[in-house]
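Chain residues, written in single-letter form:
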Amino acid sequence: MENIVIQGGVPLVGSVESSGAKNAALPLLAAAILADGAVTFHRIPHLNDISTMTKLLAWQGADVSYDDRNRLTIDTRAANKPEAPYELVKTMRASSLVLGPLLVRFGEARVSLPGGCAIGARPIDLHLKALEVMGAEITVEHGDVIAKATHGLKGGYIFFEQVTVTGTENIMMAAVLADGETILDNAAREPEVVNLADSLRALGAKIEGDGTGTITIQGVSSISGGDIYTIADRIETATYLAAGLITGGDVTVTKTDAKYLDAFLAKAKESGAEVEVGDDFIRCAAPHGLKAVNIHTMPHPGFPTDLQAQFMAMMCVAEGTSLISETIFENRFMHVQELIRMGADIQLDGHTAVVKGVAKLSAAPVMATDLRASASLVLAGAAAEGETVISRVYHIDRGYERIEEKMRCLGAKIERHYVS
Ligand code: EPZ
């Protein structure tokens, strides 16, 4: 096991470079299953889930070769196992992303049903219903989704009763090689969905409307190999900007894109932050501290649920009382008890957290419970005077590439300790 140890209380000042987005890279890698040729992926972050996905593709028979830490080439033409077994994917929730591509390419697929996780049940019923509309026969046996489409998948009209990011991505990929036109209504509008559509178009797919609530895909017989570029990680970007704001510092994140973060930046400004944006950087500073503001998580372009925990940490030391409502996941307040251990004044009322700002947080030993909760504890530790020890940091490594190195670029006193 590993701990992260932070000596906090120092304003963080400096510049870090954003990595490629985890939540863009995972569907992009799954899309390699559709390509009739080698695909080279650029700016792929070095994270546990990414390694799991590339190992899965190699196990299926693909040829996977890393050109360097963040660039790899995948050729799935020799792949012949349309499966994602539990043993291989049990730690990666996004395994469902290979279901649509495997089914439309091989006419069958057996994919381990993703388990729940700390933040919620995480069902994939909407993915499965959509595939059935396209002609798939779906059963669930012994924890696996077994899908068959012996006559191939056919295009259809699909309305997502709830906005689902990976559901939109999964079905968009299946529709690329399906027979005829598919319309996805009430589709997710996240930048990662647009990155996937842009990439599939570059390989020959016919997709329109991505970034809006209605996406139309005309099925084609094949798509080629080529080069695919991952967008900047907007959640990582905002996490480091929040590190500057919570400590009263001044942080710039480079190689990123402010257009992905309108909701976060609007709330940061409302809270009194100075915000400066350029073509490929964002700078935030809070020389006069922060004022409490309310947030309500929503699908993009609303305030991202993946930034709720980080923003809550900021509000713990803001002036006034903030109401934070989590509308996407049923259990995404696991960080609250840990922040309270650090002196935060938070009361939960159903899906709303009432956060009363305090003058200072106090360093303490705390436990990471899920990816973004862990990030909020790193931010709180950076703000709290004294030594904060965060255990179970494997959660952090799922979404933040080289977090200690990047935090040190901002002046943080942070180390990773290996504990038996
Ligand atoms: C994606 O998860 C992201 N993961 C999550 O990021 C992110 O929090 C989430 O979208 C929301 O933005 C990846 O992209 C790999 P959903 P996803 O399907 O697609 C319910 C992180 O921290 N739902 O949009 O799994 C679901 O329970 C991670 O980086 C169904 O009921 O989320 C949830 O309440 C965490 N049935 C809501 O919809 C379904 O079939 C939104 O889930 C699918 C979803």
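Refer to the structure printed above.
A brief structural summary. (Residues numbered from 1 in each chain as written. Predicted model: local features only at pLDDT ≥ 70, side-chain atom pairs only at ≥ 80, totals over all residues. Heavy atoms only, no water.)

**Section: the sheet that holds strand E4 (residues 63-68)**
Strands pair in a sheet through their backbones, by hydrogen bonds, and they do so in one of two ways: parallel or antiparallel. Ordered by their spatial adjacency, four strands build an open sheet running E4-E5-E3-E14, and the pairing between neighbours is mixed. The open sheet is flanked by E4 and strand E14 (226-229), the only strands paired with a single partner. This sheet shows a mean twist of 20° between the axes of neighbouring strands, independent of strand direction. (Pairing = 2+ DSSP bridges. Helix = DSSP H or I, 4+ residues; strand = E, 2+ residues; numbered from the N terminus. Axes fitted to C-alpha atoms, helices over the stretch in contact; angles between N-to-C directions.)

**Section: the pattern of salt bridges**
Applying the stated criterion across every chain, the model contains 24 salt bridges. Two residues, Glu401 and Arg69, come together in a salt bridge whose shortest N-O distance is 3.9 Å. Of the two residues, Glu401 sits in the loop between helix H13 (394-397) and helix H14 (403-409) while Arg69 sits in the loop between E4 and strand E5 (71-75), which places them 332 residues apart along the sequence. We classify Glu401 as buried; its relative accessible area is 4%. A salt bridge links Glu270 to Lys267, with the shortest nitrogen-to-oxygen separation between them at 3.1 Å. Of this pair, Glu270 and Lys267 both sit in helix H9 (residues 262-270), three residues apart, which is roughly one turn of the helix. Taking the relative accessible area as the measure of exposure, Glu270 reaches 44% and is therefore partly exposed. Shared partners join several salt bridges into a network, and the residues in it are Glu2, Asp397, Glu404 and Arg416. (Salt bridge = Lys/Arg side-chain N within 4 Å of Asp/Glu carboxyl O. Buried < 20%, exposed > 50% of the residue type's maximum accessible area, 1.4 Å probe, protein only.)

**A closer look at the packing of aromatic side chains**
Under the counting rule described, the total for this entry stands at three aromatic pairs. Here Phe264 and Phe311 contribute two aromatic rings whose centre-to-centre distance is 6.1 Å and whose plane-to-plane angle is 85°, an arrangement assigned as edge-to-face. Here the residue Phe264 occupies a position in helix H9, and Phe311 occupies one in helix H10 (residues 308-316), the gap between them amounting to 47 residues. Clustering of aromatic rings is evident, with ring pairs tying together Phe264, Phe303 and Phe311. For the cation-ring pair, Lys81 lies above Trp59, with the distance from its terminal atom to the ring centre recorded as 4.1 Å. (Phe/Tyr/Trp six-rings, centres within 6.5 Å; stacked < 30°, edge-to-face > 60°. Lys NZ or Arg CZ within 6 Å of the ring centre and 35° of its normal.)

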